[in-house]
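# Fold and contact review
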Amino acid sequence: MNRVRPSSPRLANIEPYDPKYLPAENLLSANENPHDIDRPMRQAIIKAIRRVPFNRYPDPLANELRGLIAETNGLEPNQVLMGNGGDELLLDVALAWGGNGRKMLNLPPTFSVYETNAVLSGTEVVSIPRKPDFSIDEDAVLERVGEGDIDYVMVASPNNPSGGLAEEEFLLKLLDSTDALVMVDEAYFEFSRRTMRPYLASHQNLLILRTFSKAFSLAGVRVGYLLGDPMVIREIIKVRQPYSVDVISQIVARIIYENRSRFEKEMLSIIDERERMYEAMKTLPSVTVFPSEANYLLFKVKRADELWQYLYDQGILVRNLSHSPGLEQCLRVSVGLEAQNDAFLTALRSFILSKDAE
Ligand SMILES: *Cc1c(COP(=O)(O)O)cnc(C)c1O
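Residues numbered from 1 in each chain as written. Predicted model: local features only at pLDDT ≥ 70, side-chain atom pairs only at ≥ 80, totals over all residues. Heavy atoms only, no water.

## Describing the sheet that holds strand β9 (residues 288-289)
- Ordered by their spatial adjacency, four strands build an open sheet running β9-β10-β13-β12, and the pairing between neighbours is antiparallel. Every other strand in the sheet has two partners, leaving β9 and β12 (319-320) as the edge strands with one partner each.
- With two bridges connecting them, β12 and strand β13 (residues 330-334) associate as antiparallel partners. In the strand pairing of β13, Asn 320 is matched with Leu 331.
- Sitting on the sheet, helix α10 (residues 264-282) touches β9, β10 (296-300) and β13, and the angle it makes with β10 is about 10 degrees.
- Running over the sheet, helix α11 (residues 304-313) touches β10, β12 and β13 and is turned about 30 degrees from β13. (Pairing = 2+ DSSP bridges. Helix = DSSP H or I, 4+ residues; strand = E, 2+ residues; numbered from the N terminus. Contact = heavy atoms within 4.5 Å. Axes fitted to C-alpha atoms, helices over the stretch in contact; angles between N-to-C directions.)

## A short note on the site of the ligand
- Around the ligand, the structure places 14 residues, and the nearest of them are Gly 86, Asp 185, Thr 211, Ser 213 and Lys 214.
- At 2.5 Å from a nitrogen atom of the ligand is found a side-chain nitrogen or oxygen belonging to Asp 185.
- Tyr 188 places a side-chain nitrogen or oxygen 2.6 Å from an oxygen atom of the ligand.
- For the ligand, the accessible surface in isolation is 380 Å², of which the surrounding protein chains cover 94%.
- At the level of secondary structure, the elements contributing two or more residues to the shell around the ligand comprise α3 (85-97) and β7 (206-211).
- Among the elements that take part in the shell around the ligand, α3 stands out by supplying three residues, more than any other. (Near = heavy atom within 4 Å. Polar contact = N/O pair within 3.5 Å; in protein donor to acceptor, adjacent residues only side chain to side chain. Areas by Shrake-Rupley, 256 points an atom, 1.4 Å probe, with all protein chains shown as cover.)

## Looking at the packing of aromatic side chains
- Considering all chains together, one arrives at 12 aromatic pairs under this definition.
- Ring plane angle 75 degrees and centroid distance 4.9 Å describe the contact between Tyr 188 and Tyr 296, whose orientation is recorded as edge-to-face. You can see Tyr 188 sitting in the loop between β6 (181-185) and α7 (189-192) and its partner Tyr 296 sitting in strand β10, a full 108 residues away along the chain.
- The buried category is assigned to Tyr 296, whose relative accessible area is 0%. (Phe/Tyr/Trp six-rings, centres within 6.5 Å; stacked < 30°, edge-to-face > 60°. Buried < 20%, exposed > 50% of the residue type's maximum accessible area, 1.4 Å probe, protein only.)

## Let's talk about the environment of Ala 70
- Within the secondary structure, Ala 70 sits in helix α2 (residues 63-72).
- A C-alpha to C-alpha distance of 35 Å links Ala 70 and Met 277, two positions 207 residues apart in sequence.
- Dropping the residues within four chain positions of it, Ala 70 is found in contact with Leu 75, Glu 76, Pro 77 and Val 80.

## Notes on the sheet that holds strand β3 (residues 103-106)
- Taken together, the seven strands give an open sheet; going across it, the order is β2-β8-β7-β6-β5-β3-β4, and neighbouring strands pair in mixed fashion. This sheet does not close on itself; its edge strands, each paired only once, are β2 (80-83) and β4 (124-127). With strand direction ignored, the average angle separating the axes of adjacent strands in the sheet is 20 degrees.
- One ladder, built from five bridges, connects strand β5 (residues 152-156) with β6; its direction is parallel. The residue bridging Val 153 from the neighbouring strand is Val 182, located in β6.

## Thoughts on the domain arrangement of the protein chain
- For the protein chain, the domain assignment lists domain 1 (20-36 + 263-357) and domain 2 (39-261).
- Taking only C-alpha atoms into account, the centre of domain 1 sits 26 Å from that of domain 2.
- Contacts between domain 1 and domain 2 engage 27 residues on the former and 29 residues on the latter.
- Each partner contributes to the roughly 2100 Å² buried at the junction of domain 1 and domain 2, and carbon and sulfur atoms together form 59% of this total.
- The largest contributions to the domain 1 side of the interface with domain 2 come from Phe 263, Met 267 and Glu 293, which together make up 32% of the buried area.
- Taken together, the connections running from domain 1 to domain 2 amount to two salt bridges.
- Here Glu 264 makes a salt bridge to Arg 193, at a shortest N to O gap of 3.1 Å.
- For the interface between domain 1 and domain 2, the tally reads 13 residue pairs in polar contact (both at pLDDT 80 or more).
- The dominant element in the side of domain 1 that touches domain 2, judged by the number of residues it contributes, is α10, at seven residues.
- A per-class count over the side of domain 1 that touches domain 2 returns 14 nonpolar, six polar and seven charged. (Domains from an automatic or database assignment. Buried area = accessible area lost by both parts, 1.4 Å probe. Salt bridge = Lys/Arg side-chain N within 4 Å of Asp/Glu carboxyl O. Nonpolar A, V, L, I, M, F, W, Y, C, P; charged D, E, K, R; others polar.)

## Considerations on the pairing of β10
- Here β10 lies mainly inside the structure; four of its five residues are buried.
- Inspection of the sheet shows β9 paired to β10 by two bridges, in the antiparallel sense. Across the sheet, the residue bridging to Thr 288 is Lys 300, located in β10.
- Once β9 ends, the chain turns through six residues before running back antiparallel as β10.
- Strand direction decides the pairing type here: β10 and β13, joined by five bridges, are antiparallel. Paired with Leu 297 across the strands is Val 333, a residue of β13.

## Details of helix α6 (residues 168-177)
- Listed as buried for α6 are Phe 170, Leu 171, Leu 174 and Leu 175. Looking down the long axis of α6, one finds its buried residues gathered within 135 degrees of arc, a one-sided arrangement. The outward face of α6, more than 90 degrees from its buried face, is lined by the exposed residues Glu 169 and Asp 176.
- Those residues of α6 that are buried lie in contact with α5 (138-145), β5, β6 and β7. (Arc of directions from axis to C-beta.)

Next up, the structure:
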């Protein structure tokens, strides 16, 4: 067989992304909404899709959806950009603000995609690790940014996987102290109910990411969006795949967004469930659970690998992060339906109490 030359050296240390999805009765590993969309919404989607011309290219910028999101957020359409999930937009930001000779400031442990995208785009990664409780080392970040050579900063708020918010006061200080592009990833905004959006008017360097994958039950459809300054959005459009949001996704997301008030009750119940789980886990010996403003909880145990397997054997899939830097012995559980959360808590309790007794 004729051989091919090696791929780009940038790929040498990158592992293909693996969500570690395995079949299980209780899927609590990917921070999805445990409820699928309701029947009336599904019917409305099917009806709308029947009329779609499949032979025509979609509107590249999904202007109908874009206009709707702009209006809801008190912005102009040119301040909104739709993407093929938030993940596409994260890569676009790296392509537009990173590249050779440029630097991204990252705050690990955090969403691993930020670093991967930086490496893929040839961007140098500057890391300021979080404190042991996963809060941001604010002074170190402000000091590093003060050196003036950072091109963009990634801040997940709430942070994935640890669940805590970045302080608003800190984010404002950061935005004021630099002309680097500051991306605040609000993928879990609908659960945290906290946003930097009001500061878009005063800060050209603020960019916000949202997604339909978590609160709006659309992880399978792939739609996310950016809110930012028109100039920033225009630069990102230059690197974007023109037709990344296909016509079906545009229709589905529009109908879901028009009906978003229907998700309100579910979101409140997920928040209640999160608090119930947090309180229950807090009482267990040798479990450290971190407070969360999202729809998942990160927790630290003594034998994470063993516990992960024990849970999986009981039909419960959680995310094993214990082999990621800074997350030793940590697992992350997504908030599911009440019965699923009960199954998780029961299994966790029996594992911990049996191991403690040994
Ligand atoms: C899930 C998630 C996203 C985006 O997910 P998509 O499904 O690609 O929209 C972005 N950032 C964080 C921190 C996430 O957890």
